[in-house]
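Commentary on secondary and tertiary structure
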Amino acid sequence: LRLLRRPIGLAPLRPARRLLCVASPTAALATDGDSSPASSASMAQPAVVDVNPPRGTRDFPPEEMRLRSWLFDNFREVSRSMAFEEVDFPVLESEALFIRKAGEEITQQLYNFEDKGGRRVVLRPEITPSLARLVIKQGKSVSLPLKWFTIGQCWRYERMTRGRRREHYQWNMDIFGMPKVRAEAELIQAIVLLFERLGITSSDVGIRLSSRKVLQAVLDMYSVPQHLFTQVCVIVDKLGKLSREEIEKELISTGLSSEAVQGIIEVLSLKSLSKLEEVLGSGVEAVADLKKLFSLAEQYGYADWICFDASVVRGLAYYTGIVFEAFDREGELRAICGGGRYDRLLSTFGTEDVPACGFGFGDAVIVELLKEKGLLPDLPRQIDDIVFPLDEELEGPASSVASSLRKKGRSVDLVEDKRLKWVFKHAERINASRLILVGKSEWERGMVRVKILSTREEFEVKAGELQ
Amino acid sequence: LRPARRLLCVASPTAALATDGDSSPASSASMAQPAVVDVNPPRGTRDFPPEEMRLRSWLFDNFREVSRSMAFEEVDFPVLESEALFIRKAGEEITQQLYNFEDKGGRRVVLRPEITPSLARLVIKQGKSVSLPLKWFTIGQCWRYERMTRGRRREHYQWNMDIFGMPKVRAEAELIQAIVLLFERLGITSSDVGIRLSSRKVLQAVLDMYSVPQHLFTQVCVIVDKLGKLSREEIEKELISTGLSSEAVQGIIEVLSLKSLSKLEEVLGSGVEAVADLKKLFSLAEQYGYADWICFDASVVRGLAYYTGIVFEAFDREGELRAICGGGRYDRLLSTFGTEDVPACGFGFGDAVIVEVCPPPPSSGSFSRVERRKLLGRRLKFL
């Protein structure tokens, strides 16, 4: 047995079940690159199939699917209450959409390949560029501001030594055409609403935020050339993962003076907006934006969720203003979601800039958090009716009973060829509300027997009047 | 077709060029660096701006609602699968147009062309922990790779419903009820659409009559499925080239033109499973109340290699469109994956043809068929 490493918080490791059947040497071999070929005894042809999905990907059997649907329904409900419209894009995009050369982790782990026509394509690592592309395509036909959301799958390719996932689903909300901090405030409201819907409070989770304009202001102070801005952001984002020395080293290697490096590191350790104001001055946009956001937060009622933390820069190249991320206050998990303003993305696509901001919220960490807090919902299977013919000759009548109930909108399982004992067990397993028994003598009188499973009440009903 | 809108901005020679293979490079005037980006999604794929998304969500909600009323459970699988899952060597169109590639680790993978093999894989994986019968549905995207000369799509969404562990025709009857419920929810009636059906056992019986070796069965099915698209002569030619005698070929073509169950019974005999299954299905259809939707048509075999019993497809009675959905029984798929067979049947229902058939949803105002097609960017006809 070969044990597959799975990311934390998921179901316990299941051994890889590889079904080997005698295979002819020509039968197709399914391997994931690290197992020995099937026996080559020559008999019938069944292919060897790996029952596991590709490395780093997940199947969603019913139970996992219920959880995922519950989560996604919450994403949609919050988006609806914020009056956002749903959109979608292909999971496959041109690779050119993601070539940024800023050293971001995300662009170094592209799930890219060459298609049969020789085109460089990619399973998208993030959604924002597709969104930007669609906004540009819509052109003048779309009226700003534009508030769109989507839930889509994103991919990365990395060596599987650490048992990490290669795909995840991500809820994205973006606002185009709102230049003011009001937009970020709206996005943060959405995030808070989502947490509250899931039963998470501001004692469990916080949202730390800052602005890229802080770093911009520091770089200006030290006359660092503009073209280094993005690289500096990407390096500085690793502050939690690399040591201070390593960060300083990477910064020096971009050409920054050691004064600039010290200045950056000092400012990034600030956790008080007033201290920031002292260092940068109150006229600076970075400070004004942040003060405005905190003031709006009071009015929205989520001030206790957010805090200023100058070390937040986020790892994507294109953020230009306020950036934020939600974190688990117990400090154990990675960021739950993150986002920010990106006013200059469209010009990198060759068109006029439009102010924009948004966030991405993955489906992995939030589930780990819910597990930790004991907030995972109980989502058992549930159906309305089981229809069961008590003998074979009643299978026709049972069909008509099931059919008419389904047309009335009830969820109905038609069961056959089982003993009554099995049917009762099954009813319990799937939480059926009623059992409808189609019996010979009742049917001859135009009746069926209805059993309410929660109360064990039983009575006869005219088949035609069954609701 | 919308012209490819390529936003050209002055680009340095080193800026990333996004092409779709048939346009000239950007001007190489050297100034600032903005990359050239194609605003269209990759060839053959669709974006869903809000209006199109509302239509899609309306359709998918209907798929889910019907599945719920049939007491099916939702599942999902990765859109990326191992290529080995789809190697069938039966000459099917679907396996000749795989969107496959080699990933960075040298593995042959594919953007799945259909969903049934993933489903079978998951059923096997669940093993003893799952209780039969099992009724699962999913709505997922499927892909194909073909030359884009005809402006065809490379992806579509497909609603699949499958039942594992129900050997009797009851299962097919349930699936057909689901399809009829869906049509009714969309405001489609049995005057708009029909479901023609037959059984692979018919062809099996004919091949047995002519002592055709079993290993040719699948290939014959795949050839015969092209009856609507190729001429009779071309079909006969392909059949002969598999090694069939010309008597067998004539016998096949004759039986496949039957449109009456009683005629079939005459030809094959009433003891034959093919006939018994079909009679049973028609009898159940009366009880379910959808008999006016279905009809026997021996030419229906469907193009997938693994069907073994009843097969069906829904069609537009105006005769203009391709099949709206299709499915059938596949009792011997799991053994091709190296495990014990479990009786199974299911259907796939795509998102393309249906929207051309159905009246628009209440919220989208009154659109003509042509406008609806435009609305969905269907200028690329999904032939």
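Note that the structure is a prediction, hence the values are computed from the model and not measured.

Cut-offs applied
- Residues numbered from 1 in each chain as written.
- Chains lettered and ligands numbered in written order.
- Predicted model: local features only at pLDDT ≥ 70, side-chain atom pairs only at ≥ 80, totals over all residues.
- Heavy atoms only, no water.
- Pairing = 2+ DSSP bridges.
- Helix = DSSP H or I, 4+ residues; strand = E, 2+ residues; numbered from the N terminus.
- Domains from an automatic or database assignment.
- pLDDT = per-residue confidence, 0-100.
- Contact = heavy atoms within 4.5 Å.
- Axes fitted to C-alpha atoms, helices over the stretch in contact; angles between N-to-C directions.
- UniProt positions renumbered as here; feature names shortened; annotations may be inferred.
- Buried < 20%, exposed > 50% of the residue type's maximum accessible area, 1.4 Å probe, protein only.
- Disulfide = S-S within 2.5 Å.
- Buried area = accessible area lost by both parts, 1.4 Å probe.
- Salt bridge = Lys/Arg side-chain N within 4 Å of Asp/Glu carboxyl O.
- Phe/Tyr/Trp six-rings, centres within 6.5 Å; stacked < 30°, edge-to-face > 60°.
- Polar contact = N/O pair within 3.5 Å; in protein donor to acceptor, adjacent residues only side chain to side chain.
- Core = buried A, V, L, I, M, F, W, Y, C linked by side-chain atoms within 4.5 Å.

Another aspect to go through is the pairing of strand β18 (residues 458–462) of chain A. Residue and element names in this part refer to chain A. Looking at chain direction, strand β17 (residues 447–452) and β18 are connected through five bridges and run antiparallel. The residue of β18 that forms the bridge with V448 is V461. The antiparallel pairing of β17 with β18 creates a hairpin that spans five residues between the two strands, and R456 there sits at a positive phi of about 65 degrees.

Its domain assignment divides chain A into domain 1 (62–373) and domain 2 (383–462). The gap between the C-alpha centroids of domain 1 of chain A and domain 2 of chain A is 53 Å.

Bringing the confidence of the model for chain A into the picture now. Per-residue confidence for chain A gives a mean pLDDT of 88; residues scoring 70 or more make up 89%. Confidence over residues 1–45 of chain A falls short of pLDDT 50; this stretch has 90 contacts with residues more than four positions distant or in other chains.

All names here are of chain B. Spatial ordering of the open sheet is given by β4-β6-β5, a layout of three strands whose pairing is antiparallel. Two strands close off the open sheet at either side, each with one partner strand: β4 (80–82) and β5 (99–102). For this sheet the average axis-to-axis angle between neighbouring strands, irrespective of direction, equals 35 degrees. Pairing of β5 with strand β6 (residues 108–111) involves four bridges; the strand directions are antiparallel. Its bridge partner being in β6, E102 is matched across the sheet by R108.

Residue and element names in this part refer to chain B. In this structure's numbering, the residues bearing the UniProt feature "binding site: L-histidine" (unreviewed entry) are E114, I115, T116, R144, Q158, D162, R302, Y306 and Y307. As for its position among the elements, T116 is in helix α3 (residues 116–126). The exposure class of T116 is buried, given its relative accessible area of 7%. T116 has contacts with N160, D162, Y306, Y330 and L333, leaving out every residue within four places of it along the chain. On the accessibility criterion, Q158 (13% relative accessible area) is buried. Once residues lying within four places of it in the same chain are set aside, the contact partners of Q158 are I115, T138, I139, G140, C142, G348, F349 and G350.

A few words on the state of the cysteines. Scanning the model with the defined rule gives zero disulfides over all chains in all. Of all cysteine sulfurs, the one in C357(A) lies closest to C233(A), which takes part in no disulfide; the gap is 17 Å. Using a relative accessible area of 0% as the deciding quantity, one classes C233(A) as buried. As a non-bridged cysteine, C345(B) has C325(B) as the owner of its nearest cysteine sulfur, 13 Å distant. By relative accessible area, C345(B) is classed as buried at 0%.

Take the interface of chain B and chain A next. Counting from both sides, the interface comprises 90 residues of chain B and, opposite them, 93 residues of chain A. Here chain B meets chain A over a buried area of about 7,200 Å², counting both sides, of which 53% is carbon and sulfur. Linking chain B with chain A are 15 salt bridges, by the criterion used here. Taking the shortest distance from any N to any O, the salt bridge between K168(B) and D417(A) comes out at 3.0 Å.

Let's shift gears to the packing of aromatic side chains. All names here are of chain A. Enumeration over the complete set of coordinates arrives at 31 aromatic pairs over all chains. Arranged with centres 5.9 Å apart and planes meeting at 85 degrees, the rings of Y111 and W155 form a pair that is edge-to-face. Placement of the pair is Y111 in strand β5 (residues 111–114) and W155 in strand β7 (residues 146–155), with a sequence separation of 44 residues. Classification of Y111 by relative accessible area gives buried; the value is 3%. The exposure class of W155 is buried, given its relative accessible area of 2%. Ring centres 5.3 Å apart and planes at 25 degrees place the aromatic pair Y300 and Y302 in the stacked group.

With that settled, the discussion passes to the pairing of strand β12 (residues 325–329) of chain B. All names here are of chain B. In terms of burial, β12 is a largely internal element, five of the five residues being buried. Looking at chain direction, strand β11 (residues 310–316) and β12 are connected through four bridges and run antiparallel. Residue pairing across strands places A314 opposite C325, the latter belonging to β12. Note: β12 against strand β13 (residues 344–350), five bridges, orientation antiparallel. The residue bridging G328 from the neighbouring strand is G346, located in β13.

Residues and elements named next belong to chain A. Here, the residues flagged by UniProt with the feature "binding site: L-histidine" (unreviewed entry) are E126, I127, T128, R156, Q170, D174, R314, Y318 and Y319. Looking at where Y318 falls in the secondary structure, it is placed in the loop between β10 (306–308) and β11 (322–328). For Y318, the contacting residues outside a window of four places in its chain are R100, E126, T128, P129, R341, Y342 and L345. A polar contact is formed between the side chain of Y318 and the side chain of E126, at a distance of 2.4 Å. Tracing the backbone through its elements, the reader meets Y319 in the loop between β10 and β11. Excluding residues within four positions of it along the chain, Y319 makes contact with R212, F229, V313, R314, G338, G339, G340, R341, Y342 and G358.

A few words on the sheet that holds β13(B). Residue and element names in this part refer to chain B. Pairing is mixed across the open sheet formed by eight strands, whose spatial order is β3-β7-β8-β13-β12-β11-β9-β10. The open sheet has two edge strands, β3 (73–74) and β10 (294–296), and neither has a second partner. Taken strand by strand, helix α4 (residues 170–185) contacts β8 (155–164), β9 (193–199), β10, β11, β12 and β13, and its axis lies near 20 degrees from that of β13. Along the sheet, helix α5 (residues 200–209) contacts β9 and β11; its crossing angle with β9, the most-contacted strand, is approximately 35 degrees.

A few words now on the side chain of R100(A). Residue and element names in this part refer to chain A. Summarising the element assignment, R100 is placed in the loop between β4 (92–94) and α2 (105–108). A polar contact is formed between the side chain of R100 and the side chain of E104, at a distance of 2.9 Å. Residue contacts for R100: discarding those within four places in its chain leaves I106, T107, E126, P129, L316, A317 and Y318.

Our next topic: the environment of V287(A). All names here are of chain A. Note on placement: V287 falls in helix α10 (residues 285–300). Assessed through its relative accessible area of 0%, V287 is described here as buried. Considered as a pair, V287 and S210 are 77 residues apart in the sequence and their alpha carbons are 9.3 Å apart. Apart from the residues lying within four places of it in its own chain, the contact partners of V287 are L276, E277, L280, G281 and S282.

The biggest cluster of nonpolar side chains holds 99 residues, and the ones touching the most others in it are V387(A), W159(B), F183(B), L264(B), Y290(B) and F349(B). If you look at the next biggest cluster of nonpolar residues, it comprises 82 residues, including M65(A), V181(A), L209(A) and V214(A).

A word on the side chain of R88(B). Residues and elements named next belong to chain B. Checked against the element boundaries, R88 lands in the loop between β4 and α2 (93–96). Side-chain polar atoms of R88 contact the side chain of E92, separated by 2.9 Å. When near neighbours in sequence (up to four residues on either side) are disregarded, R88 contacts I94, T95, E114, P117, L304, A305 and Y306.

Turning next to the environment of D115(A). Along the polypeptide, D115(A) turns up in the loop between β5 and β6 (120–123). For D115(A), the side chain forms a polar contact with the main-chain nitrogen of G117(A), separated by 2.7 Å.

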